[in-house]
Amino acid sequence: SESPASALAAIKTNKMNPEVRLITNKMCPYAQKAWLSLECSKIPYDLEEISLYGAGGKPDWFWKLNPAGTVPVLVVAKQQQQQQIYPDSDLIL
């Protein structure tokens, strides 16, 4: 069978309730559209906001999730060791 075209479609078709985490910055329009889509989908998720700029820059753990350094990033964890990373708003939608 074909895999769903987006992260949200994959979560909705999944029988398990995965842990979903949106890593974002509320000033980014791409992150805003991913956030709105999650809200409309009624999928439970945790939101974690990071700084895009500044003295400290983006945290090291974030660069490991998305080497391109862009937000939003959606992390879907089905089990503690197994997670899928969607590093782009188009992949999330």
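A brief structural summary.

1. Some thoughts on the overall build of the protein chain
Stage number 1. Looking only at helices and strands, one finds four helices and four strands in the protein chain.
Stage number 2. The burial tally for the protein chain puts 37% of its 93 residues in the buried class.
Stage number 3. Taking the contacts inside the protein chain whose residues are at least 6 apart along the sequence as the reference set, 55% of them involve residues at least 24 apart.
Stage number 4. Element-wise, carbon and sulfur atoms account for 52% of the exposed surface of the protein chain, whose accessible area totals about 6,200 Å².

2. Looking at the packing of aromatic side chains
Stage number 1. All told, the structure shown has one aromatic pair when counted by the stated rule.
Stage number 2. Considering the side-chain rings of W61 and F62, the 6.2 Å spacing of their centres and the 85 degrees angle between planes classify their relative orientation as edge-to-face.
Stage number 3. Using a relative accessible area of 32% as the deciding quantity, one classes W61 as partly exposed.

3. Some words on the pattern of salt bridges
Pairs may arise between side chains of opposite charge once their charged atoms sit close together.
Stage number 1. A complete count under the given rule lists two salt bridges for this structure.
Stage number 2. Among the salt bridges present, the one from E48 reaches R21, with a minimum N-O distance of 3.0 Å. With E48 in strand β2 (residues 46-49) and R21 in strand β1 (residues 19-24), this residue pair connects regions lying 27 residues apart in the sequence.
Stage number 3. For K33, the salt bridge is made with D90, and the minimal N-O distance between the two is 3.3 Å. Placement of the pair is K33 in helix α2 (residues 29-41) and D90 in helix α4 (residues 89-92), with a sequence separation of 57 residues.
Stage number 4. The partly exposed category is assigned to K33, whose relative accessible area is 31%.

4. Some thoughts on the side chain of S41
Stage number 1. Here S41 lies in helix α2.
Stage number 2. Using a relative accessible area of 15% as the deciding quantity, one classes S41 as buried.
Stage number 3. Beyond its immediate stretch of four places on either side in the chain, S41 contacts L8 and K12.

Procedures and definitions
Residues numbered from 1 in each chain as written. Predicted model: local features only at pLDDT ≥ 70, side-chain atom pairs only at ≥ 80, totals over all residues. Heavy atoms only, no water. Helix = DSSP H or I, 4+ residues; strand = E, 2+ residues; numbered from the N terminus. Buried < 20%, exposed > 50% of the residue type's maximum accessible area, 1.4 Å probe, protein only. Contact = heavy atoms within 4.5 Å. Areas by Shrake-Rupley, 256 points an atom, 1.4 Å probe, with all protein chains shown as cover. Phe/Tyr/Trp six-rings, centres within 6.5 Å; stacked < 30°, edge-to-face > 60°. Salt bridge = Lys/Arg side-chain N within 4 Å of Asp/Glu carboxyl O.

Honestly, it's all geometry; don't read function into it.
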